[in-house]
Amino acid sequence: MVGSVALAVGSLVFVEDPDDAWVDGEVVAVKGADIEVLCSSGKRVVVKSSNVYPKDAEAPPCGVDDMTKLAYLHEPGVLYNLKSRYDINEIYTYTGNILIAVNPFQRLPHLYDSHMMAQYKGAAFGELSPHPFAVADAAYRVMMHEGISQSILVSGESGAGKTESTKLIMRYLAYMGGRSASEGRSVEQQVLESNPVLEAFGNAKTVRNNNSSRFGKFVEIQFNQNGRISGAAIRTYLLERSRVCQISDPERNYHCFYMLCAAPPEVIQKYKLGNPRTFHYLNQSNCYELDGIDDAREYVATRKAMDTVGISSNEQEAIFRVIAAILHLGNIEFMKGKEIDSSMPKDEKSLFHLRTAAELFKCDPKALEDSLCRRIIVTRDEKIIKELDPDAAASSRDALSKIVYSRLFDWLVDKINSSIGQDPSSKCVIGVLDIYGFESFKTNSFEQFCINLTNEKLQQHFNQHVFKMEQEEYTKEEINWSYIEFIDNQDVLDLIEKKPGGIIALLDEACMFPRSTHETFSQKLYQTFKNHKRFSKPKLARSDFSIAHYAGDVTYQTELFLEKNKDYVIAEHQSLLNASGCSFVSSLFPISNDESSKQSKFSSIGTRFKQQLQALLETLSSTEPHYIRCVKPNNLLKPAIFENENVLQQLRCGGVMEAIRISCAGYPTRKPFIEFIGRFSILAPEALEGSDDEVAVCKALLEKMGLEGYQIGKTKVFLRAGQMAELDTRRTEVLGRSAGIIQRKVRSYMARKKFTSLQCSALLMQSVCRGEHARKIYESLRREASALKIQQYLRMYFAKKAYTELCMSAISIQTGMRAMNASKELRFRRETRAAVMIQSHCRKFLAHLEYEKLKKATITTQSAWRARVARKELQKLKMAARETGALQAAKNKLEKQVEELTWRLQLERRMRTDLEEAKTQETTKLQSALHELQLQFKETKEMLAKEKETVKTVSEQIPVIKEIPVIDHELMDRLRTENENLKSLVSSLETKIVETEKKYEETNKLSEERLKQAMEAESMIVKLKTNMHTLQEKVSDMEIENKILRQHASDLPADSVGKALENGDHTNEFLGSNESPSTPVKGHEVPDGKPKRPPVDRQNEDVDALMECVMKDVGFSQGKPVAAFTIYKCLLHWKSFEAEKTSVFDRLIQIIGSAIENQDSNNHLAYWLSNTSTLLFLLQKSLKPAGITSARKPPPTSLFGRMAMGFRSSPSTVNVNAAAAALEVVPQVEAKYPALLFKQQLTAYVEKIYGIVRDNLKRELGALLALCIQAPRTSKGGVLRSGRSFGRDAPSNHWQGIIDSLNSLLCTLKENFVPPVLVQKIYTQSFSYINVQLFNSLLLRRECCTFSNGEYVKAGLAELELWCCQAKEEYAGTAWDELKHIRQAVGFLVIHQKYRISYDEITSDLCPILSVQQLYRICTLYWDDNYNTRSVAPEVISSMRVLMTEDSNNAVSNSFLLDDNSSIPFSIDELSKSINVKDFLDVKPAVQLTENPAFQFLHG
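Keep in mind that this is a model prediction, so the values were computed, not measured.

S.K.: Explanation requested: the nonpolar core in the structure shown.
M.R.: Inside soluble globular proteins, nonpolar side chains tend to come together where they are buried. Formed by 277 residues in total, the largest nonpolar core has its most connected members in Phe-201, Phe-257, Tyr-1323 and Leu-1360. Examining the composition of this core, we find that 16 residues originate from one element, helix 35 (residues 1233-1275), more than from any other. Not counting residues within four places of it along the chain, the set of residues in contact with Tyr-1323 comprises Leu-1257, Leu-1302, Leu-1305, Leu-1306, Leu-1309, Trp-1363, Tyr-1371 and Ala-1375. The next biggest cluster of nonpolar side chains, apart from the first, holds 49 residues, and it includes Leu-153, Tyr-436, Phe-561 and Ile-605.

So, in structure tokens, the structure goes:
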């Protein structure tokens, strides 16, 4: 695999490193066979070119999901691909059909929920991301399609996650197997729940794992012909029984011992237990507790699991008695006895444990002591009792403990198998093998020897499978593979298990001789295999030996080989426990024919294990295998740590490197034609000219490069090891030369550009300098001219300013003098006119006052006289009334009552008018008062003015009248006093007018506000009362309807319970309510005895005519289905809704059910969806349960309430007529039980038809979406550099197909007038389905999470958005909003410079609706196939990983996949609100029925 081609400077390579196994670097110098490499760690190394591996420069930074896609399939390439994927939490990777699982050491619940299982169900292997579900699904599909049994082999070292992977496979098989039940519990549930039991008794802490399985397990799941799980069996291999007696620090014994010591106090007291430190079998190590594990809680969980798998409480009691007895056996110590080579219990403590063990085993303590300290040798003549020394007695004690524990474990496995049950008729099985991986420790004993033998066997099987897959790949591509050499490990297997002469055979032989020791056994091995290439003797070792396994050399210590290989049961132990008083203990040691003799019969664990292994391989050979290799990334058992050396060793031990060697022996590099051309077309551009054949282009490229040994398949190019590196080297050289040419051209261009720039700059500077000089000269001349002009205008300004000031002063003086004289004259005239005005008004006021007094007295006198005359007339009328009599009094009383009632009626009617009139009168009164005050004020002002004029006139005339020299001072004083009074009166009137105006405005505003508040409050009260009344009616309707249904259901006879789908009576009766109960039966007979046809027959004929009509497509009228309207009118006329028994509803339901049997015709389904939904709407509006009386709302008593009722009670004539007509079309009917049941069944059919139409659209969209999802894979590199395509369809056609499907269904729904609310719901759920499928494809398919695919999907989403706009909100509704996940994800994919975006920007701006798991998945899977841009920064990835870890620790993390919602998203109320009763006013019934005389009522 090492590259043998010359490497150029700049090539990327892998070099060996003592710390990290392999590091990548760049070649910086080449000196013959030596090259200098600059490592990514920063150091420089010089290595031989034959010791480096090439690195693919175009490999994606997050690795590839299938390592067969690697350009260079070698050890460092595989290691770094796993590391890259592990860094982004991608723990699963394919190598062909082999799954490599790296233990994350943290919870990743989003990878294993039901949503994920649904995604992998039926998906082709390799289509989605690597996952154990994909392996399990592939096995299940092959088993079901080809009828071949399958096996899934899960291997890896302790702590690699084998058990968890096995559980995942079991979960998926249970998901696919349908959960067939057996005795109340499903088979797979019992298998899964058996794990805690087997882990408690078969798992222990080792150096590398806290829960290491110390046995192999093969779970065989049996399936019936329908693919359902019908049975299961569990087989175990090589339980490490020596661990019962011997453990090393810091390991632990089996978990069950510590659980029992942590049991409740009553259990500990019962079994006389204590702290684990007090027991010899447990205190050989200093480790007694595990971090995060509570043994007491585990004890309870184990007991519960034992209950689940069917182990009774008595059996559980016996099991833990045996465990406690083993602990007590370990504390029995021995010392020398009285006789030679004899032994006895050491002290009272040992005797206590001996008696306790005997008590727990329910056997005789003396017999137990004898079985441990003595042996009985049976000869032909007598029995010889042989005493055992203390060491032999201790060995006998340990042998008893091991055999008891081994038999107990076997019993548990048999019990679990019998509880689960097996299906003998099953022909198809899937076996899941959870087996220990290759082990190599500092000290390797017999267990490691057997484990590594198992792995050698499985590796041989694995190599054969890989070689077979290689052959199948070559055969599929039709290339020659006959000369490929296959590497086998049969020589190692022969070394170990060959008979005779193998290591196991020699070990069995040594065990049969009493005097054999591990030294003699080792010497025998050295002599036998001294020339074997796989066997070696370590230096300075006396009894150790080494074997060169496929995973490396392992040195074994033989000190305990002989003891651990012996598997015989000591006769004394057998007879002792068989005679136990405990039936459970005695059943563990039954007496067989072979054991009837009292001698111990030898058996070998190695031989028995070899037989079991052979049976397992025969089972695996009869099945088609699938492989899962589990890898432990570090020995610290912590997340986010990847130890290269450790992982590399596990890859070697797991056979992955061996598989790579097999691949490299053939054609390790396989590239599809289009990828090969896209990568290496630069080497021979002329090969692309004039050719559209991919095969011819590839051949031309390879021939020009002069390569030999390659193969051209049907779809791929197969290259030998090293050829890919050679092609890359030549490609690097071509790119280097091209880069040199580009650099030369760029430098030339830059120099020319610089010269041109300098030249232009020089010219520009010269022109700027000349311009600046000219501007300075011009500026000097301009300044001189400006100075002269400024001086001229300044002198002119000063002269003009002086003249203007002088002129303005003269004018101001003249104006002031004239104004003063005019003011004096005006003031004198005003005073004179005011005096005259006051005098005139005063005289007028006094005269008017005298007139008012006289008028008032006259009116008073007239009123008194008229009252006197009226009283006299009244007395006369009373006297006449008394004489009229009682009749006239009654008449008057009635007239008075009539008048009073008439008055009250008028008062009620005119209350609103009175209020308005009162308001108007008040307003008028205030306005008139204001007007009067204003007039009075005006008159007063006029009087004052006249008085002033009079005074002025008088004052002017006084000097003229010379005849009167004396001035009347009294008159002047009186005038002045009256003038002052009038002035005060005027001011007071002005004040009152202002105050009155303010009060009027405030009163008016307050009145308006109070009226407005009162109206609002009254309208709110009326609205609330109306809503409350409506809700009460609905609740009452539902209660009475449910009461009627329950009452009717309880009244049904027992023999009619099975007829739940029928309505009422099932005879030929049609309507019981139409038959008059008073009509006698004999009325149907004529006098001559011939029977007349009864009305029931005529009614049945009418029903038949209706059914025959509605079974046809009778079309639509005014946008409403004719069939639904006709059915409703007929049922209404026949009073079917009020009938107690009728069969018409059953016939309608049968017609609807038979009509929708064809679920492929959307046109037919849309027609019936329109009819059923419309009929349901009419029933919803019309039917009300029997017994409901429409409660009339009491009239309001308040004034504003009556006013509001008056407003509402006066609608327009058009609205009244329309409401009356609508009520006539859909009247309210009291429904009986059959009608209510028909309504419920009709609702179910509306939902069913809706679901069928929606699912048909989803199914059609699903096929097109699958093409859209596959478009990135099929269109990748679809166009060559020459622009020619190899005949692939344009991906945009898929989106156009989706648009066509949406338009086709929308036209169909519109043509059938389906209610818009149903159309909205259909497209909303369909767009949600599109969102789920596209978004999940991004998260599961790496080729979809690219920049180009983001642009492709974005273009498709733009077409969908355009469709929503064209369809309008009436039909599209909120469908566009359902695509929010894929819209945000695509928006992230197509954004540039993602590495500059922070986490907060992503979560708040770009993708606020996406979860952390979804964002992390998209960011880690993203790669740019167009521009090779980077994803988000590593800091953002780290932040997401921290948040995901917190979510997983809190156990609240959900799946990152979306789930499709298939519920019914509408209710009857929503449907009712979308249709108006008025729309049915002009609907015409079916023409076929209107011509029938029996249906004349339809004309109305």
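After that view, the rundown keeps rolling.
S.K.: Explain the sheet that holds strand 19 (residues 428-434) here, please?
M.R.: To summarise the sheet geometry, strands pair through backbone hydrogen bonds and adopt either a parallel or an antiparallel arrangement. If you walk across this open sheet you meet the 7 strands as 6-7-23-8-19-13-14, and the pairing is mixed. Every other strand in the sheet has two partners, leaving strand 6 (92-95) and strand 14 (229-237) as the edge strands with one partner each. Ignoring which end each strand starts from, the neighbouring axes of this sheet average 20° apart. Relative to strand 19, strand 13 (residues 216-223) is paired through 7 bridges, and the arrangement is antiparallel. Its bridge partner lying in strand 19, Lys-217 is registered against Asp-434.

S.K.: Hey, could you run me through the pairing of strand 2 (residues 21-31) in this one?
M.R.: On a regular strand, each side chain points to the face opposite its neighbour's, so the side chains alternate between the two faces of the sheet. Alignment of strand 1 (residues 12-17) against strand 2, held across 6 bridges, turns out to be antiparallel. Within strand 2, the position partnered with Asp-17 by the bridge is Ala-21. Taking the residues that link successive antiparallel strands as the turn, the strand 1-strand 2 hairpin has 3 residues. As paired elements, strand 2 and strand 3 (residues 34-39) share 6 bridges and run antiparallel to each other. When the bridges of strand 3 are listed, Lys-31 appears paired with Asp-34. The hairpin turn running from strand 2 into strand 3, its antiparallel successor, is 2 residues long, and Gly-32 in that turn takes a positive phi close to 70°.

S.K.: Explain the packing of aromatic side chains to me, please; I cannot follow it from the model alone.
M.R.: For any pair of aromatic rings, the description rests on two quantities: the centre-to-centre distance and the angle between the ring planes. This model, assessed by the stated rule, comprises 40 aromatic pairs. With centroids separated by 5.6 Å and ring planes inclined at 20°, the aromatic side chains of Phe-535 and Phe-545 adopt a geometry described as stacked. Taken together, the residues Phe-535 in strand 20 (residues 535-536) and Phe-545 in strand 21 (residues 545-549) connect sequence positions 10 residues apart. Grouping residues by exposure puts Phe-535 and Phe-545 together as buried. The cationic tip of Arg-252 hangs over the ring face of Tyr-258; the distance from NZ or CZ to the ring centre is 3.9 Å. The aromatic ring of Tyr-526 is capped on one face by Lys-537, whose charged end is 5.3 Å from the ring centroid.

S.K.: Would you take a moment to explain helix 12 (residues 390-420) for this structure?
M.R.: The α-helix winds at 3.6 residues per turn, so residues separated by three or four positions along the chain end up facing the same way. Compared with the 45 Å implied by 1.5 Å per residue over 31 residues, the 45 Å span of helix 12 between its first and last C-alpha is a close match. Most of helix 12 is tucked away, with 23 of its 31 residues classed as buried. Phi turns positive one or two residues past the end of helix 12, at Gly-421, with a value near 90°.

The rules behind each value
Residues numbered from 1 in each chain as written. Predicted model: local features only at pLDDT ≥ 70, side-chain atom pairs only at ≥ 80, totals over all residues. Heavy atoms only, no water. Core = buried A, V, L, I, M, F, W, Y, C linked by side-chain atoms within 4.5 Å. Buried < 20%, exposed > 50% of the residue type's maximum accessible area, 1.4 Å probe, protein only. Helix = DSSP H or I, 4+ residues; strand = E, 2+ residues; numbered from the N terminus. Contact = heavy atoms within 4.5 Å. Pairing = 2+ DSSP bridges. Axes fitted to C-alpha atoms, helices over the stretch in contact; angles between N-to-C directions. Phe/Tyr/Trp six-rings, centres within 6.5 Å; stacked < 30°, edge-to-face > 60°. Lys NZ or Arg CZ within 6 Å of the ring centre and 35° of its normal. Expected span 1.5 Å × (residues − 1).

Keep in mind these numbers describe shape, not what the thing actually does.
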